[in-house]
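# Remarks on the overall topology
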Amino acid sequence: MTRTITPRLRTLVLLFLAVTGALLAGAGPASAHAALTGSDPSQGVVVPKAPDQVSLTFSENVSLNDNSFRVLDPKGKRVDLGKPTNLSGTTYAVQLKSGLGKGTYTVAYQVVSADSHPVGGAFTFSVGTPSKTVASVPDQDVGGGIVGWLYGFGRYMSYAGYIVLVGGAAFVLACWQRGSGVRAMQRLVVAGWLTLTAATLWLLLLRGSYTTSGSVGDIFDLNLLGQVLQTKPGAALVSRLLLLAAAALFIAVLFGAYDKREEEDEKRDLTFGLAIGGTVVAAGLAASWAMAEHASTGLQPGIAMPVDIIHLLAVATWLGGLTALLVALYRAPADTPVDSTAVRRFSRVAFGSVLALVGTGIYQSWRQLGSWSAFTDTTYGELLLVKIGLVALLIGIASISRRWTGRLADAAVTQTHTDTDADTDTAEEAEAEEEAAEEKETVKASAATKEASVKAAKAGTSASAVAGASAVSGASGVSGASAVSGKVASADDASERAAQLARQQSAMDTARQKRLRDADPHRFGLRRSVLAEAGVAVVLLAVTTVLTQTEPSRTEQEAKAATAAASSSSSSSSNSSSGALTLDMSFDTGGKDGKGVVRVDLDPATVGSNEMHVYVQRPNGRAFDIPEVKVAFTLDAKKIGPLPVAPDHVTTGHWAANGVQIPMAGDWKVSVTVRTSDIDQVTVSKNAQIG
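Scope of this entry: the structure provided in the associated data block. (Residues numbered from 1 in each chain as written. Predicted model: local features only at pLDDT ≥ 70, side-chain atom pairs only at ≥ 80, totals over all residues. Heavy atoms only, no water.)

Another aspect to go through is unusual backbone geometry. At the junction of aspartate 40 and proline 41, the peptide bond is cis and its omega measures out at 0° in the coordinates. Inspection of the secondary structure puts proline 41 in the loop between strand E1 (36–40) and strand E2 (46–47). Omega for the peptide link from aspartate 603 to proline 604 comes to 10°, which places this bond in the cis form. Residue placement: proline 604 occurs in the loop between strand E11 (595–603) and strand E12 (608–617). Here the phi dihedral of lysine 83 falls at roughly 50°; this positive angle occurs in a residue that is not glycine. Counting through the fold element by element, lysine 83 comes out in the loop between strand E5 (69–72) and strand E6 (85–88). (Helix = DSSP H or I, 4+ residues; strand = E, 2+ residues; numbered from the N terminus.)

Encoded structure:
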């Protein structure tokens, strides 16, 4: 029974599409890798007079354009002068127009972090007294929407193309050199090159819209494309395209001149040259990621970038080689099957790649996490746990493949001995048949000699008959020629028929060899285990793509600490001057966008009438809107309350209420109910002395 690959490949493709779609759709926008850690004026503060400028401080360096910072007055009109500048370090400022009136002002920002991801948000401050504002800053997902999804898909395809290109070429060069002449292997490596090239061009076009407006209409904006080319990520993408041109030359030599080399010395020299050149190109392509993403910023970038390059090379060698092995097992022709020697070589190469992958992965995890608690307290840590689990599963399946490889090698040795014995027996039988044929030829030769003697004796008698035959030769010449012509045509038909039969026999032999190969239980077992590895690798690659778009835990925790310190300083200053109360409470409703921090400001925090402001922020400090916020005050010691307060929505992430009555002094419990969807809701609370 012939096993077919088509259903398995269809299943693998469907798995690829399902996992990619689910992860990219569920991931939402790329999480900000730089966070706002402070501002002047700070969020929610009321200043006595209008400032000359607004400054923002981030957790790392960011890239700006003329519209990165916008300051809007209560009527929604811009009051900044544009063209923000770098004051010092990670602090940036934009100048304001003079003569600003009283009211609530909105500050909106959108920048690009040092690791190429867009960052955006908004906050408010007031001059004199707070007021209503019509300024509307849409809570758009920076780096999200359709453009964000397309950009994420392009990143996935670029990783996939790189892995197939590098891993497939390495498999042919290091493990199965005969594969350079196999059409299926050629198509695989070329497909990897085409995928990476197309994805790089796609990312270059999307980059401008991805980091600014997020509009599909801006994808082909040449002005945005020109701005992208002047940035670090744009330069990395262009350098990747240049290296892909060198990779095209490498592929042409690998599947052209290299495959045609027959002399051992020449092929060995060419193998060495291709190995050196291919490694340089592969490392350069990996550097185009390392120089523009996580490794290029943060802790120890000088060490992190080379480690990241080694990590990518190890991943490509392992998973790309695995893909090449899968194609070789299923698509290699019957006369050029992938042998056990090639499988054993790849097993050793894969083992070394896994060791490099684990070593570099440990360093990267330490660098990006910062603490053990980050595994469970941050999205990056949770995704990293999923990735570690998938790698462990992949290694487990790979160990099964190694066992099948050993069995296949043992079976190959046994078959070699059997074939040797069979060849010896066949040679002896052929020699006996040859001797018998020689005896038959001798008998035939003697019989022919006797027949020739008899014909010679009859030659004189038949001489007179020749003259009579000549008389009628004119009449019979045409019919004789026709007979000869018919015999020639019959001979041509017979040769054509023989060639056709030979082709049919060759096809039957090839099919029989393929059936015998496919019926090998060891090869079939190896096929299944490698196919399972490939399925897990598809999921692993999707998780890795989402992980590269997620804010590292160390950055997130540092941003939280800086924000908390700034809030504490602002709260202390405010309390010392006016007696105002500020409470920060973290919440998690368990749903999408369910994590954040809610801040309650109560001024002057005394018995009687108070003014209350409520701010809702994401974990990275960015303000965002939720469906409902409710506040309640309870004085358990006197059994007063809960006293509910329903604040009015002011602007993005900001609610306010005037005339909040506190009947008496005491240790009040301030409870805030946060609802992030129709079903996701949580109540958090803190106690504070009021009055």
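With that settled, the discussion passes to the nonpolar core. Grouped burial of nonpolar side chains is what soluble globular proteins tend to show. One finds Tyr162, Leu165, Phe171, Trp176, Met185 and Leu254 to be the most contacted residues of the largest nonpolar core, which totals 74 residues. Contributing elements (two or more residues each) for this core: helix H2 (145–174), helix H3 (183–211), helix H5 (232–254), helix H7 (264–290), helix H8 (301–331), helix H9 (340–369), helix H11 (379–457) and helix H14 (521–548). Formed by 29 residues, the second largest nonpolar core is a distinct cluster that contains Val598, Val614, Trp668 and Val672. (Core = buried A, V, L, I, M, F, W, Y, C linked by side-chain atoms within 4.5 Å. Buried < 20%, exposed > 50% of the residue type's maximum accessible area, 1.4 Å probe, protein only.)

In this section: the sheet that holds strand E17 (residues 666–675). Paired through backbone hydrogen bonds, the strands of a sheet run either parallel or antiparallel to each other. On the basis of which strands lie adjacent, the open sheet formed by four strands has the order E14-E13-E17-E18 and antiparallel pairing. The sheet terminates laterally at strand E14 (640–645) and strand E18 (681–690), the two strands that pair on one side only. Ignoring strand direction, the axes of neighbouring strands in this sheet form an average angle of 20°. Relative to E18, E17 runs antiparallel, the two being bridged by ten bridges. Bridging from a neighbouring strand, lysine 669 pairs with asparagine 687 of E18. (Pairing = 2+ DSSP bridges. Axes fitted to C-alpha atoms, helices over the stretch in contact; angles between N-to-C directions.)

So, on to the packing of H3 against helix H4 (residues 222–229). As a packed pair, H3 and H4 sit with axes 8 Å apart at the nearest point and diverge in direction by 100°. In this view, H3 runs roughly perpendicular relative to H4, as classed from their interaxial angle. On the side of H3, the interface is formed by Leu204, Arg207, Gly208 and Ser209, while H4 contributes Leu224, Leu225, Val228 and Leu229. Its residues placed into classes, the contact of H3 with H4 shows five nonpolar, two polar and one charged. (Parallel < 35°, antiparallel > 145°, perpendicular 65-115°, else oblique. Contact = heavy atoms within 4.5 Å. Nonpolar A, V, L, I, M, F, W, Y, C, P; charged D, E, K, R; others polar.)

Turning to empty space enclosed by the protein, a few remarks are in order. Counting across every chain of the model gives two cavities of 30 Å³ or more. Here the largest cavity is characterised by a volume of approximately 120 Å³. Lining the largest cavity are 14 residues, and of these Tyr151, Arg155, Leu237, Arg240 and Glu293 lie nearest its centre. Broken down by secondary-structure element, the contributors of at least two residues to the lining of the largest cavity are H2, H3, H5 and H7. Residues that form the lining of the largest cavity fall into these classes: seven nonpolar, three polar and four charged. Its boundaries defined by the atoms lining it, the second largest cavity holds a volume of some 30 Å³. Looking at the second largest cavity, the residues that line it are Gly44, Val46, Thr124, Phe125, Ser126, Pro130, His613, Tyr615 and His654. Broken down by secondary-structure element, the contributors of at least two residues to the lining of the second largest cavity are strand E9 (118–127) and E12. No other element matches E9, which puts three residues into the lining of the second largest cavity. Residue composition of the lining of the second largest cavity, by class: four nonpolar, five polar and no charged. (1 Å grid on protein atoms, 1.4 Å probe; cavity = no way out; pocket = protein on both sides within 12 Å on 5 of 7 lines; lining within 4 Å. Points joined across faces, edges and corners; volume = space filled by probe spheres on them.)

Once that is clear, we can look at the side chain of glutamine 364. Locating glutamine 364 in the fold gives a position in helix H9. In contact with glutamine 364, not counting residues within four places along its chain, are Val307, Asp308 and His311.

Before going further, it helps to examine H2. For H2, spanning 30 residues, the distance from its first C-alpha to its last is 43 Å, which sits close to the expected 44 Å at 1.5 Å a residue. Taken across its 30 residues, H2 has 22 buried, putting it largely inside the fold. (Expected span 1.5 Å × (residues − 1).)

The buried fraction of strand E13 (residues 628–635) amounts to six of the eight residues, a majority that puts the element mostly inside the structure. Where E13 and E17 come together, seven bridges link them in antiparallel fashion. If you follow lysine 630 over to E17, its bridge partner there is threonine 673. Alignment of E13 against E14, held across four bridges, turns out to be antiparallel. Counterpart to alanine 632 in the pairing with E14 is proline 644. Joining the antiparallel neighbours E13 and E14 is a turn of four residues, in which lysine 639 adopts a positive phi near 55°.

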